[in-house]
Structures are given as C-alpha cells and as structure tokens.
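Here are the chains, one letter per residue:
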Amino acid sequence: ADAAVVPALVIGTGYGGSVAALRLAQAGVDVHMVEMGMAWDTPGADGKVFANTTNPDQRSFWLRTRTKQPLSNFLGFPIDRAVPRYTGVLDAEDFAGITVYQGRGVGGGSLVNGGMAVMPRRELFGEVLPTVNPDEMYGNYYPRANSELGAGLVDPDWFDTTEAYQYARVGRKHAQRSGFPHVFVPTVYDWDYMEQEAAGTVPKSALAGEILYGNNHGKKSLQKTYLAKVRATGRVTISPLHRVVSVAPASGGYAVTMEQLNTTGDVVATKQVTAAKVFFAAGSVGTSKLLVRLKATGALPNLNGEVGKGWGDNGNVMCGRANHLWDPTGRLQSSIPTLGIDNWAAGGAFAEVAPLPTGIETYASFYLSITKTPNRAQFTWNAAAGKVELSWQTAWKQVSINAAKSIFDRINAKEGTIYRTDLFGAYKIWGDHLTYHPLGGAVLGKATDNHGRLHGHPGLYVIDGSLIPGTTVVNPFVTITALAERNIERIIATDL
Ligand code: FDA
C-alpha cells in the first residue's frame, strides 16, 4: 500500500464524477478519479477503439463469455454468441428480476448510451426531484449542463430528407395519425459530422450502426466534453482498471481501498489511499452496492437506513411494431434516436423512436418507452452469499407495459398493424427484463442531505444517478449532470 493522501477522490468517471472532478479542479483542488473500466483511448487490431453493434467482440461486454444483447432475438432466433472474457465497455449486470445495462470505462454511461439529451418538462420536475427548486435548475443548472455536454437539435430539413431517419419519420407519421404529440429531442451527437457521414466524406459511426458498444466518431461522450476539460486543468489523475472496494474512516479522512484489474478481470494488486473527501459517482448501481455493503459490514456504520432504498428503472420497456410493406423503415438507420412521442399526461409514457440498425430492411418500428411506475426496489446485503441483492421483480414491469400500450395499441389499431414478437424471444412482445436507466439507491434528502452529503459520515458525498428517486420522466443524463452541477457548486462554496 502506498501512503498517498489526496484532497478529493472520485469513485467513477460517468456524468456525476466528471462534473465533480472538473469543478473541484477548477476550484484548485487536486482530484484522484478511480474507474473500474478501461481508458478506451487505444485502437484495437482493427484500428478502432470500439466494436460495432452488428459484430460484437471482446470489447463489447464487461466480463462475460457470451454476449447479452438487449434485443436477444431476431426473427425469433437467438443472436447472442461466445466472446472472450474481457473488461469490455457494456455491462449487462444481472439481478434476480432485472438486467441493468451500464457503461464501463473512463466516461461511464456516456460511452455506450444513445446520446439523447432530454430535459423533463418543467411541470413534471416535481415528480423527479421533489426537494429541488425548479427555478435554479431550469434557470441555471440545466442550461449549464446542456452547454457543457454539447446538446443540440437535428436540422429539421435534413431530418426530413435523409435516408438515415426514415425510421423516425415513419414513427412520427404513425404518432401523428393517432393524435400523439411528438418532439425532436436534442442529442450530444455532432450533427454536422453525421451529415458528413451521410455525404460519405468522413468515417461513419452513427450511420454505421455504432452505439451500444461505443461510438468511434461523432458522439460527444464525456471524453470529449467534461473529461477533456478535466485533463486540461492538470489537477486530476485518472486510474482506469481500478475498482474501489472499501471506504472507511481514517485519520485525515477516509481510507479508500481499490483493486487493480487486468483485462480479464483478475485482481493484480490491492492499493490504499487516504482521501480527505470521497465522492461516490459509481452510478446508481455501483454507488448503492458500495454503500449498502459498507454500512452492513461496519466500514461505514453511521450511514442511515435510507441507503439502498428508492431504486427505480425509469419505467423502461421496449417493443417493436410490424409495419406494412408500404411503410419500410430503411436499411440505413442512424443509431442516434432523435424523435420522441409524448403521452405522459394521458397515459404515463414517453417513447423514443429507436433505431434497429441491422443493415437490412426489417419493416419494424422499434421503441424504448420511459413510463410512470410506482414500483421502487431496495438493495440489501446478503451476508451468506457475500453480495448485494436488488428486490426488483419482473412482474412490476406490467405497469410500464400498460403505459406503453396507451400509445402503441392505439397506433396499431389505427394503422392495422401488430406488435413484433421476434425481438425478445420467440413470441415475446415486450422487452421487460431490462433497464438502461437505473436511478436511486442513495436518494437526495434521504440518504443524503439536499446537496448530496451522506448522513453520518462528514466528507462523504453522493453525486450521481443514485440521488434521483427512480425516475426522470425522460432520459436521465442531463438531469444527473445538472443536479451534479448544482450540488458541487454548493459543496465547493461551503465545505472546502
Ligand atoms: P455512470 O454509470 O455513467 O458512471 C459510473 C462509473 O462508475 C462507470 O464508469 C463505472 O464503471 C464506474 N464504477 C462503478 N463502480 C465502481 C467501483 N466500485 N470502482 C470504480 N469505478 C466504479 N441516458 C440518456 O439521458 N440518454 C440516452 O440516450 C441514454 N441511452 C442509454 C443507452 C444505454 C445502452 C445505456 C446503458 C444507458 C443509457 N442512458 C441514456 C443512461 C445514462 O447513460 C446513465 O443514466 C448515466 O450514464 C448515469 O450517470 P452516472 O454518473 O450516474 O453513472
């Protein structure tokens, strides 16, 4: 063990962690960021950093020997395949009742996500963060987050004419014909770059189907935004392939124990540093798992009973519709969704019109719905098994299915179409086994105070999606970023 002492240690390099590190460094604080995933800054043998969705390889999945693709089937046939065990970029983390997809690597979820940068409608903000003043969020922190993340809208004229968004235009037409409001959603993809992809003048990323396993060009992941600024401060060190396993009080702050991993996931070294302040930014699941275990095993005994509670799936549910032959969705589909159908007020669902970038005509419309659900799960420590469990039950998704049906049953009736049954199994309509949007587990104002300070242990903070009690009513990363901006501003002003 080395004897280094750092003023601030950040666990995780996703949205919350990147915001914390940047603002602390800009305030003159030296920061150590610890990330269990890889750096993702070096091309593989094929000259690319990331693998394509159509051809997953070892880079695609976190420590699995078989892929676990969110769409497990095509035309009813399973499409998963063997891959070498490797510290790949997408984790499909299995709990008893749900598989939680997460990014692994420097940049966290920004490496794998769809880049949809959506703010909740202001009148719904009370459903998201009831203890936060919406004026400060919509007046200050949302604009700051959007600007730092580089969120922007597609040029509607280009959208209307490009082959790559035919699938979204079909989705829009069907929504319109059934009377549903639809919206363009901003994304963090570089739209000029995508237009050049379409023109054939630059290497393709969104138009080559890159998304779940990383984008090689075009998407402004955190590596290109917050983390580029973090590096420019010269005050931040980042340790990839290091997993934090313990945080416990020590003289001068907290002793943080971490395991260094090799690319097959074996522990090659154990290290300890002392940090005056520790920011938990390991994501909703990562932070919750750490806090629940550290409380239960006595490392952080004073954490309160709210730790592990209030976890939700943002109501995620997926489905496909089978279109008529006169409604093809296109062989070329941009992997970046940019159109949403908003039926929150009437039916509790906000659906994104999602791509199926298979490279062939599928006549399918595919949707990821974010729905209103009352179901919240809890993380608990199973001492006998030595692991943290999550109480989520698959049957709880029925509420979300019903909300999604409030849109798609009506569209199917209007269009004379049916659901696809071949994407999630043989004869299975609903993708109800997963979430992309884990939220909660260390809820703001419950496990922490109203700015993320953990109760019971001064100097420990939560600054990621685990602060948000289960829903953001739209895609979450802009809200996670804006909340982190709000909280770190206060913490820097009063705690340093
Ligand atoms: P985030 O998960 O980003 O970062 C946590 C980091 O901590 C990870 O890098 C992890 O490896 C690391 N870590 C965990 N445990 C650790 C430990 N013990 N030690 C060290 N490091 C540890 N959202 C959106 O708004 N629009 C979208 O289009 C999409 N699309 C989408 C698609 C897919 C496939 C996924 C999986 C997710 C999305 N999302 C999304 C969700 C979005 O990516 C997600 O909400 C945020 O990344 C969460 O940000 P956080 O900062 O909370 O954690």
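Residues numbered from 1 in each chain as written. Predicted model: local features only at pLDDT ≥ 70, side-chain atom pairs only at ≥ 80, totals over all residues. Heavy atoms only, no water.

Further remarks concern the overall build of the protein chain. Along its length, the protein chain carries 11 helices and 20 strands. Relative to the compact-globule value of 23 Å for 496 residues, the protein chain shows a C-alpha radius of gyration of 22 Å, a close match. With the principal axes as the frame, the protein chain shows a C-alpha extent of 70 × 50 × 45 Å. Within the protein chain, the proportion of its 496 residues that are buried is 60%. (Helix = DSSP H or I, 4+ residues; strand = E, 2+ residues; numbered from the N terminus. Rg over C-alpha atoms; globule rule 2.2 N^0.38 Å. Buried < 20%, exposed > 50% of the residue type's maximum accessible area, 1.4 Å probe, protein only.)

Around the ligand sit 37 residues, and of these Glu35, Gly109, Met116, Gly465 and Phe477 come closest. One of the backbone N or O atoms of tyrosine 15 is found 3.1 Å from an oxygen atom in the ligand. A distance of 2.9 Å is found between a nitrogen atom of the ligand and a backbone nitrogen or oxygen belonging to valine 244. For the ligand, whose unbound accessible area comes to 1,000 Å², protein coverage reaches 95%. A class-by-class count of the residues in the shell around the ligand yields 16 nonpolar, 17 polar and four charged. (Near = heavy atom within 4 Å. Polar contact = N/O pair within 3.5 Å; in protein donor to acceptor, adjacent residues only side chain to side chain. Areas by Shrake-Rupley, 256 points an atom, 1.4 Å probe, with all protein chains shown as cover. Nonpolar A, V, L, I, M, F, W, Y, C, P; charged D, E, K, R; others polar.)

Before going further, it helps to spend a moment on the sheet that holds strand E6 (residues 99–103). Pairing within the open sheet is mixed, and its three strands lie in the order E5-E6-E19. A single partner strand is all that each edge strand has here, and the edge strands are strand E5 (90–94) and strand E19 (434–435). By the bridge criterion, five bridges tie E5 to E6 in an arrangement that is antiparallel. Directly across from leucine 90, in E6, lies its bridge partner glycine 103. (Pairing = 2+ DSSP bridges.)

The next subject is helix H6 (residues 191–199). Those residues of H6 that sit buried are Trp191, Tyr193, Met194 and Glu197. Buried residues along H6 cover an arc of 155° about the axis, so they all sit on one side. In H6, the exposed residues that point more than 90 degrees away from the buried face are Asp192 and Ala199. The elements touched by buried residues of H6 are helix H4 (156–161). Immediately beyond the C-terminal end of H6, within one or two residues, lies glycine 200, with a positive phi of roughly 80°. (Arc of directions from axis to C-beta. Contact = heavy atoms within 4.5 Å.)

So, on to the pairing of strand E16 (residues 379–382). Two elements, E16 and strand E17 (residues 387–390), share four bridges in a ladder whose sense is antiparallel. When the bridges of E17 are listed, asparagine 382 appears paired with lysine 387. Connecting E16 to the next strand, E17, in antiparallel fashion are four residues, including glycine 386 with a positive phi near 70°.

This part covers the pattern of salt bridges. Enumeration according to the criterion identifies 27 salt bridges in this entry. As a salt-bridge pair, glutamate 259 and arginine 243 come within 2.9 Å of each other at their nearest N and O atoms. Taken as a pair, glutamate 259 in strand E10 (residues 253–261) and arginine 243 in strand E9 (residues 242–250) lie far apart in primary sequence, 16 residues in all. Look at the salt bridges and you will find they share partners, linking Arg23, Glu148, Lys229 and Glu485 into a network. (Salt bridge = Lys/Arg side-chain N within 4 Å of Asp/Glu carboxyl O.)

Most of E10 sits out of view: eight of its nine residues are buried. The sheet contact formed by E9 and E10 spans eight bridges and is antiparallel. From the neighbouring strand, valine 244 faces E10, where its bridge partner is methionine 258. Where E9 folds back onto E10 in an antiparallel hairpin, the turn is made up of two residues, including glycine 252, whose phi is positive at roughly 90°.

In this section: the sheet that holds strand E14 (residues 349–354). Where strands meet in a sheet, backbone hydrogen bonds hold them as pairs that are either parallel or antiparallel. Within the open sheet, the six strands sit side by side as E7-E13-E14-E15-E12-E18. Their pairing is antiparallel. Edge positions in the sheet fall to strand E7 (182–184) and strand E18 (418–419), since each of these pairs with one other strand and no more. Relative to strand E13 (residues 339–343), E7 runs antiparallel, the two sharing three bridges. Looking at the pairing, valine 183 lines up with glycine 340 of E13. Helix-sheet contacts for helix H10 (residues 398–415) involve strand E12 (317–322), E13, E14, strand E15 (364–371) and E18, and the interaxial angle to E12 is about 10°. (Axes fitted to C-alpha atoms, helices over the stretch in contact; angles between N-to-C directions.)

Next up on the list: the environment of glycine 330. Within the element layout of this structure, glycine 330 appears in the loop between E12 and E13. Looking at glycine 330, the relative accessible area reads 5%, which means it is buried. With 34 residues separating them along the chain, glycine 330 and alanine 364 place their C-alpha atoms 9.3 Å apart. With residues near it in sequence (within four places) discarded, glycine 330 still touches Gln166, Ile360 and Glu361.

On to the environment of histidine 324, then. Here histidine 324 is to be found in the loop between E12 and E13. Distance from histidine 324 to alanine 208, taken between C-alpha atoms, is 25 Å for residues 116 residues apart in sequence. If we ignore the near neighbours within four places in the chain, the residues touching histidine 324 are Tyr363, Glu415, Gly416 and Thr417. Of note is the side chain of histidine 324, whose polar atom sits 3.2 Å from the backbone oxygen of glycine 416.

The next subject is the nonpolar core. Of all hydrophobic cores here, the largest spans 91 residues; its most connected members are Leu9, Val247, Val278 and Phe280. By residue number, the principal contributor to this core is helix H11 (residues 477–495), which donates eight residues. Sequence-distant contacts of valine 247, that is, excluding residues within four places in its chain, are made with Ile11, Tyr254, Ala255, Val256, Val278, Phe280, Leu294, Ala299, Leu300 and Leu460. Listed in part, the 33 residues of the second largest apolar core include Met194, Val317, Ala349 and Tyr419. (Core = buried A, V, L, I, M, F, W, Y, C linked by side-chain atoms within 4.5 Å.)

Of note in the backbone geometry, leucine 241 takes a positive phi value of approximately 55° without being a glycine. Looking at leucine 241, the relative accessible area reads 16%, which means it is buried. Of note in this structure, valine 473 is not a glycine but carries a positive phi near 60°. With respect to the helices and strands, valine 473 occurs in the loop between strand E20 (460–462) and H11.

For the structure shown, the criterion picks out 20 aromatic pairs. Judged by centre distance (4.8 Å) and plane angle (85°), the ring pair of phenylalanine 159 and phenylalanine 184 falls under edge-to-face. Of this pair, phenylalanine 159 sits in helix H4 while phenylalanine 184 sits in strand E7, and the two are 25 residues apart along the sequence. Classification of phenylalanine 184 by relative accessible area gives partly exposed; the value is 29%. Their ring planes at 50° and their centres at 6.1 Å tell us that tyrosine 165 and tryptophan 191 sit as a pair that is tilted. Linking tyrosine 165 in the loop between H4 and helix H5 (166–177) with tryptophan 191 in helix H6, this pair joins segments that are 26 residues apart in sequence. Here the two residues tyrosine 165 and tryptophan 191 agree in accessibility, since each one is buried. Among the aromatic side chains, those forming a connected cluster through ring pairs are Trp158, Phe159, Tyr165, Tyr167, Phe184 and Trp191. (Phe/Tyr/Trp six-rings, centres within 6.5 Å; stacked < 30°, edge-to-face > 60°.)

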